[in-house]
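Coordinate inspection notes
Spelled out from the first residue to the last, the chains are:
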Amino acid sequence: MDPSPQNSSSTAGNGGLPSTGATAASSPAPNPTSATTIGSAADPAEEAKQNLTQVINSVDKTLGLLHQLYLTVSSFSVASQLPLLQRLNALVAELDAMQKMADKCNIQVPMEVVNLIDDGKNPDEFTRDVINSCIAKNQITKGKTDAFKSLRKHLLEELDQAFPDEVETYREIRASSAAESKRLAQSQSALPNGDVKVKQEH
């Protein structure tokens, strides 16, 4: 056995020149761990992004190991036993590392996506179905809105013929109310530089 680590520590303890590790330990230099902790606390979004990137890289590496295992097993021979065991151990170690890194990631995956993957389908189908469903619901809502606008316009036309004075008074009240609402919205939407965000009315 190599007694060099023990000798280096004993030499430093007996007044000899300390090793690089002992110098780093006794130096009052800033602790990189504390700096990393401060940086991660200041920017948790960046830390979460780095954790996710590490998990993605681990998944890619695991897929590569599985492919190597497939090639080894498909052409297995007595000479392939040692490489097979090595790749199995590498796969287990990578899965363990992936699990530890995944504990730092907080990602919610819909069960529909997991079910699609279990069925051997592309998980992008879930995104496509959600988008198509949103488009369909948006069209239904737009149709209802257009129908109410058309009904309002038709009622105003009918009322204008039957009660012109009352409709004129209603329009004046509505115009003043809309102007007041717009003024309040502008006062609440003032930007720091003095500009105002104005929502255009259609």
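What counts and how
- Residues numbered from 1 in each chain as written.
- Predicted model: local features only at pLDDT ≥ 70, side-chain atom pairs only at ≥ 80, totals over all residues.
- Heavy atoms only, no water.
- Patch = residues over 30% accessible without salt bridge, like charges linked within 9 Å, V, L, I, M, F, W, Y side chains within 5 Å.
- Areas by Shrake-Rupley, 256 points an atom, 1.4 Å probe, with all protein chains shown as cover.
- Salt bridge = Lys/Arg side-chain N within 4 Å of Asp/Glu carboxyl O.
- Helix = DSSP H or I, 4+ residues; strand = E, 2+ residues; numbered from the N terminus.
- Axes fitted to C-alpha atoms, helices over the stretch in contact; angles between N-to-C directions.
- Parallel < 35°, antiparallel > 145°, perpendicular 65-115°, else oblique.
- Contact = heavy atoms within 4.5 Å.
- Nonpolar A, V, L, I, M, F, W, Y, C, P; charged D, E, K, R; others polar.
- Expected span 1.5 Å × (residues − 1).
- Buried < 20%, exposed > 50% of the residue type's maximum accessible area, 1.4 Å probe, protein only.
- Arc of directions from axis to C-beta.
- pLDDT = per-residue confidence, 0-100.
- Lys, Arg positive; Asp, Glu negative; His and termini not counted.
- Charge placed at Lys NZ, Arg CZ, Asp CG, Glu CD.

This part is about a nonpolar patch on the surface. A grouping of Leu52, Ile56, Ile107, Val109, Met111 and Val114 is seen on the molecular surface, where their side chains present a nonpolar patch of about 510 Å² in accessible area. Elements represented by at least two residues in the nonpolar patch include exactly helix H4 (44-74) and helix H6 (111-118). On the secondary structure map, methionine 111 appears in helix H6.

This part covers the packing of helix H7 (residues 124-162) against helix H8 (residues 164-188). The geometry of H7 relative to H8 is characterised by a closest axis approach of 6 Å and an angle of 130° between their N-to-C directions. Of the possible angle classes, the one that applies to H7 and H8 is oblique. Between H7 and H8, the contacting residues are Arg152, Leu156, Leu159, Asp160, Gln161 and Ala162 on the first element and Pro164, Val167, Tyr170, Arg171 and Arg174 on the second. Of the residues belonging to the contact of H7 with H8, the class tally is six nonpolar, one polar and four charged.

The first and last C-alpha atoms of helix H5 (residues 81-102) sit 31 Å apart over 22 residues, in line with the 32 Å expected at 1.5 Å per residue. Of the positions making up H5, those classed as buried are Leu84, Leu91, Glu94, Met98 and Met101. Looking straight down H5, one finds that the buried residues subtend no more than 110° of arc, so they occupy a single side. H5 presents Leu82, Asn89, Val92 and Lys100 as exposed residues on the side facing more than 90 degrees away from its buried surface.

All right, on to the confidence of the model for the protein chain then. Detail in the predicted coordinates should be disregarded across regions flagged by low pLDDT. Here the protein chain shows a mean pLDDT of 77. Residues at 70 or above account for 72%. Here helix H2 (residues 20-26) stands out as the element of the protein chain with the lowest mean pLDDT, 41, in contrast to H7, whose mean of 93 is the highest. Segment residues 1-42 is flagged for pLDDT under 50; beyond a separation of four residues in sequence, or across chains, it makes four contacts in the model.

One pass over the structure, following the stated rule, counts six salt bridges. Between lysine 61 and glutamate 94 there is a salt bridge whose closest N-O contact spans 3.4 Å. Linking lysine 61 in helix H4 with glutamate 94 in helix H5, this pair joins segments that are 33 residues apart in sequence. Relative accessible area serves as the criterion here: at 49%, lysine 61 is assigned to the partly exposed category. On the accessibility criterion, glutamate 94 (11% relative accessible area) is buried. Close ionic contact of arginine 128 with aspartate 129 constitutes a salt bridge, the shortest N to O distance being 3.7 Å. Overall, the relative accessible area of 47% leaves arginine 128 in the partly exposed class. Its relative accessible area of 41% is what places aspartate 129 among the partly exposed residues.

What follows covers a negative patch on the surface. Together, Asp165, Glu166, Glu168 and Glu172 give the surface a local cluster of negative charge. Relative to the elements of secondary structure, glutamate 168 occurs in helix H8.

Residue placement: serine 80 occurs in the loop between H4 and H5. Classification of serine 80 as buried rests on a relative accessible area of 14%. In contact with serine 80, not counting residues within four places along its chain, are Thr72 and Ser75.

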